[in-house]
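Breakdown of the fold
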Amino acid sequence: MPDIFLIYDSADEYWRVRFDDVFAHEFAYRFVRPDAVPDEGGEFYGRELHDKGYLTPETVALVLIGPKTYSSKKVDWEVAAALDNGGTRPAGLIAVRLPSHEDYQKTSVNPRRIPQRIADNLRSGYIKIFDWTESHRELESRLYGALRDAKSRAHLIQNTRDLLERDMFR
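Everything numeric here is computed off the predicted structure, so don't read it as measured data.

Calculation criteria
Residues numbered from 1 in each chain as written. Predicted model: local features only at pLDDT ≥ 70, side-chain atom pairs only at ≥ 80, totals over all residues. Heavy atoms only, no water. Helix = DSSP H or I, 4+ residues; strand = E, 2+ residues; numbered from the N terminus. Contact = heavy atoms within 4.5 Å. Core = buried A, V, L, I, M, F, W, Y, C linked by side-chain atoms within 4.5 Å. Buried < 20%, exposed > 50% of the residue type's maximum accessible area, 1.4 Å probe, protein only. 1 Å grid on protein atoms, 1.4 Å probe; cavity = no way out; pocket = protein on both sides within 12 Å on 5 of 7 lines; lining within 4 Å. Points joined across faces, edges and corners; volume = space filled by probe spheres on them. Nonpolar A, V, L, I, M, F, W, Y, C, P; charged D, E, K, R; others polar. Salt bridge = Lys/Arg side-chain N within 4 Å of Asp/Glu carboxyl O. Pairing = 2+ DSSP bridges. Axes fitted to C-alpha atoms, helices over the stretch in contact; angles between N-to-C directions.

1. Considering the environment of Pro-67
The topology assignment puts Pro-67 in the loop between strand S3 (59-65) and helix H3 (73-83). Taking the C-alpha atoms as reference points, Pro-67 and Asp-3, 64 residues apart in sequence, are found 26 Å from one another. Contact partners of Pro-67, with chain neighbours within four places excluded, come to Asp-12, Ser-100 and His-101.

2. Comments concerning the nonpolar core
Residues Leu-49, Leu-55, Val-63, Val-79, Leu-93 and Ile-118 are the most contacted members of the largest nonpolar core, which totals 28 residues. The element that contributes the greatest number of residues to this core is H3, accounting for 6 residues. Beyond its immediate sequence surroundings of up to four residues, Val-63 is in contact with Ile-7, Val-75, Val-79, Leu-93, Ile-94, Ala-95, Val-96 and Ile-118. The next biggest cluster of nonpolar side chains, apart from the first, holds 21 residues, and it includes Ile-4, Phe-27, Phe-31 and Val-96.

3. Observations concerning the layout of surface pockets
Of the voids in this model, the largest pocket is the one considered here, and its volume is about 270 Å³. The wall of the largest pocket is formed by 14 residues, among which Gly-42, Glu-43, Ala-80, Asp-84 and Leu-163 lie closest to the centre. Going through the elements one at a time, helix H2 (42-51) and H3 are the ones with two or more residues in the lining of the largest pocket. The element that contributes the greatest number of residues to the lining of the largest pocket is H2, accounting for 5 residues. Residue composition of the lining of the largest pocket, grouped by class: 4 nonpolar, 4 polar and 6 charged.

4. With respect to the pattern of salt bridges
The full count for this structure, using the stated rule, is 15 salt bridges. A salt bridge links Arg-113 to Glu-102; its shortest N-O distance comes to 3.0 Å. Taken together, the residues Arg-113 in the loop between strand S4 (92-97) and helix H4 (116-124) and Glu-102 in the loop between S4 and H4 connect sequence positions 11 residues apart. Judged by relative accessible area, Arg-113 falls into the partly exposed class, the value being 24%. In this structure Glu-102 comes out as exposed when scored by relative accessible area, which is 51%. Across the pair Asp-103 and Arg-113 runs a salt bridge whose closest N-O atoms are separated by 2.5 Å. Remark: Arg-113 occurs in the loop between S4 and H4 and Asp-103 occurs in the loop between S4 and H4; sequence separation between them is 10 residues.

5. A closer look at the sheet that holds S4
Across the sheet, 5 strands lie side by side as S2-S1-S3-S4-S5; this open sheet has parallel pairing. Each of the sheet's edge strands pairs with one partner strand only, and the pair in question is strand S2 (29-31) and strand S5 (128-131). Strand after strand, the sheet turns through a mean of 30° between neighbouring axes, direction not considered. Direction of pairing for S4 relative to S5: parallel, over a ladder of 4 bridges. Bridge pairing in S5 places Ile-94 opposite Lys-128.

6. Quick look at the side chain of Thr-133
Along the polypeptide, Thr-133 turns up in the loop between S5 and helix H5 (136-152). Given a relative accessible area of 12%, Thr-133 falls into the buried group. Sequence-distant contacts of Thr-133, that is, excluding residues within four places in its chain, are made with Phe-23, Glu-138, Leu-139 and Arg-142.

7. Section: the environment of Leu-163
Summarising the element assignment, Leu-163 is placed in the segment after H5. Considering only alpha carbons, one finds Leu-163 and Ala-36, 127 residues apart in sequence, at a separation of 18 Å.

Keep in mind that these numbers describe shape and distance, not what the molecule does.
Below, the structure is given as structure tokens:
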């Protein structure tokens, strides 16, 4: 089973807890609490995630996308770190729209309502976006698909944006 690094904004703590309630007994995952992220130094923080084993070639970074996630520097920094291969294969990456997101269960994605680094990689074909599910089988399938994509689509990664220096709306 792939390792999961859960990426979320502090405004979506409810969904992080719900993820734990639904999936913790079947999937091992790690995350960094928003209050543990440094105020500055996004590049150093990203390297630290690799050094501490949060992001490895066997990891899938699962990004919970709520209404304001696009404005979070923590999310931007963690997504950038997942896409950075650090000399090895990058982590897999999945974006999950939460039921609280305006585009939940819509057939199209408004790129202005999701983190821009995620939007870049949706356009390039490197990652996929899904809606929240509580199906263990469905999540497992998505995790393995993201690992396959990390191997076969790494050349499609778009990770050249500058890191957000601050949260946009806080």
